[in-house]
Amino acid sequence: MKTNKFWFATAAAALVTVICVFTSCSKEDEPFLPEVIESEVLETGISNDVNEVSGTEGTKLSYESWIVVKGQTRAAFENKVSVTLCNQLNNLETEIDVKEFNFGQVRTSITYGVGDGSRTDGFVQIADSVMFYNVEYDNFSFAFELPFEVAVYNDKVTRQTMPYHRYGNIVDKGSSVKDLEIEVEDIGKWQNVRVRKLYQHDISVDFNGKSYDLTAKIILKKTLQTNGENTVLKCELIDSGTEVLLNEESSTMYKSWIKVKQTMLNGSTREQTYTVDDMYGSLDHELLDFKKLQDKNIMQQNASVIDVDDVVISAGDVVYVHKVERSYVVDYNYFSLNFKLLHNEAYYDDGITTIKFPSFKHENFADEGKLTFVGDFVDGGFEFSEYWFAHTITADFGSVKHTGLRDFQVITPKQ
């Protein structure tokens, strides 16, 4: 870490220089610091002239931050303290062992941590910090590490954080996966089959008005132990399809199938067809209890689909069926209506290759809410109006439409 300190005092002036590094900083003998009786900050500043050093691991960034302090020791002083702060934008290359290659949904977050190179130089404390851009899947996770430094002037009378450049907008550019060569290791009568895939994830980070690209390259490895019999090394989809077996107003039952070409460990090939006969989807109806409202001015405000649950309901040697539950939620000004959406998803998974069976889920929703006047009545000496409210939704499920209904009695004071 390079630190330049210019002390302009009535008695003397001194220049102190410390070397700038990115991994650790050696501790030098610190000069004697006078006792400060009083002090105040006159001015602070930061340089927009950022020095860049790029390499295969990433980009190192450094720039100047300074502060002017006026104060009193045994003599009056007015000092300018200048430090060079260093940031680093790191690419990532690593290997991760996984149990399966079905990643699930990606989740990202930003967190902060403390680095291991914090130090004190004179009246300035320089803290090493790290911003993490975390990427998490169901079976593996990693983080882009973005180190940065923050300087704090502290003479025991005045304590102030010196200016520094912050990381700006992070844009996630997505990921890609490609197959790598499978490794086979003989261990007696058995083999370790090591399946490898290259996962790449790209982001961009803004710093001092400029955008920098970062890449994570991760080799994902899954190891299978086999005696070589009936071990599938490669599986390719040849054909697939669906057939509706039963269709009703709010539910459908159908079968789904795939035809694949499998390459075995011994080099032979074969074609196989897998079928799931009990694929299913439904949009439920439900009669609700009556609602007492302050008036009849019912207005829809929003409608959205929310993921609720995904659970495996059957598992064979290589075929797995999931039940997926979602909710279609309609928000009104006085209440919310919840429509349960169910559908199945099926997967072929031989431990190396995962193929999703053709399946349907509810899409392209349409809403209609209707309030119908029934009549007026008196209860306990008070006059009320009775209405019947019905909300209908329709949704595409493959080539058919499903209908869902929520209806109930509405009671309001007579207007």
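Here's a quick rundown of the structure.

Analysis parameters
Residues numbered from 1 in each chain as written. Predicted model: local features only at pLDDT ≥ 70, side-chain atom pairs only at ≥ 80, totals over all residues. Heavy atoms only, no water. Helix = DSSP H or I, 4+ residues; strand = E, 2+ residues; numbered from the N terminus. Buried < 20%, exposed > 50% of the residue type's maximum accessible area, 1.4 Å probe, protein only. Polar contact = N/O pair within 3.5 Å; in protein donor to acceptor, adjacent residues only side chain to side chain. Contact = heavy atoms within 4.5 Å. 1 Å grid on protein atoms, 1.4 Å probe; cavity = no way out; pocket = protein on both sides within 12 Å on 5 of 7 lines; lining within 4 Å. Points joined across faces, edges and corners; volume = space filled by probe spheres on them. Nonpolar A, V, L, I, M, F, W, Y, C, P; charged D, E, K, R; others polar. Patch = residues over 30% accessible without salt bridge, like charges linked within 9 Å, V, L, I, M, F, W, Y side chains within 5 Å. Areas by Shrake-Rupley, 256 points an atom, 1.4 Å probe, with all protein chains shown as cover. Salt bridge = Lys/Arg side-chain N within 4 Å of Asp/Glu carboxyl O.

### Let's talk about unusual backbone geometry
Peptide bonds are trans in most cases, and residues, glycine excluded, mostly fall at negative phi.
Phase 1: Phi at asparagine 208 is positive, roughly 55°, even though this residue is not glycine.
Phase 2: With respect to the helices and strands, asparagine 208 occurs in the loop between β15 (190-207) and β16 (210-226).
Phase 3: Of note, asparagine 364 is a non-glycine position whose phi angle comes to about 55°, a positive value.
Phase 4: Examined against the element boundaries, asparagine 364 turns out to sit in strand β26 (residues 362-379).
Phase 5: Residue asparagine 364 is classed as exposed on the basis of its relative accessible area of 56%.

### Comments concerning the side chain of asparagine 344
Phase 1: Mapped onto the fold, asparagine 344 is located in strand β24 (residues 336-349).
Phase 2: Within the structure, asparagine 344 has its side chain in polar contact with the backbone oxygen of aspartate 278 (distance 3.3 Å).
Phase 3: Excluding its chain neighbours within four sequence positions, the residues that come into contact with asparagine 344 are Tyr254, Asp278, Met279, Tyr280, Ile313, Val321, His322, Lys323, Ser359 and Phe360.

### Looking at the layout of surface pockets
Phase 1: There is about 760 Å³ of room inside the largest pocket.
Phase 2: Around the largest pocket, the lining is made up of 24 residues, and of these Gly104, Asp310, His322, Glu345 and Tyr347 lie nearest the centre.
Phase 3: Those elements that provide at least two residues to the lining of the largest pocket are β22 (300-315), β23 (319-332) and β24.
Phase 4: Examining the composition of the lining of the largest pocket, we find that 6 residues originate from one element, β22, more than from any other.
Phase 5: Classifying every residue of the lining of the largest pocket by side-chain character gives 6 nonpolar, 6 polar and 12 charged.

### Some remarks on a nonpolar patch on the surface
Phase 1: A contiguous nonpolar surface patch, about 340 Å² in accessible area, is contributed by Leu245, Leu246, Met253 and Tyr280.
Phase 2: Residue placement: leucine 246 occurs in strand β17 (residues 232-247).
Phase 3: Look at leucine 246 and you get partly exposed, because its relative accessible area is 48%.

### A few points about the environment of glycine 281
Phase 1: Tracing the backbone shows glycine 281 in strand β19 (residues 269-283).
Phase 2: The exposure class of glycine 281 is buried, given its relative accessible area of 0%.
Phase 3: The sequence separation of glycine 281 and histidine 362 amounts to 81 residues, and the corresponding C-alpha distance is 8.1 Å.

### Here we look at the environment of isoleucine 219
Phase 1: Following the sequence through the fold, isoleucine 219 ends up in strand β16.
Phase 2: Setting aside chain neighbours within four positions, we find isoleucine 219 in contact with Thr94, Glu95, Ile96, Leu180, Arg196, Lys197 and Leu198.

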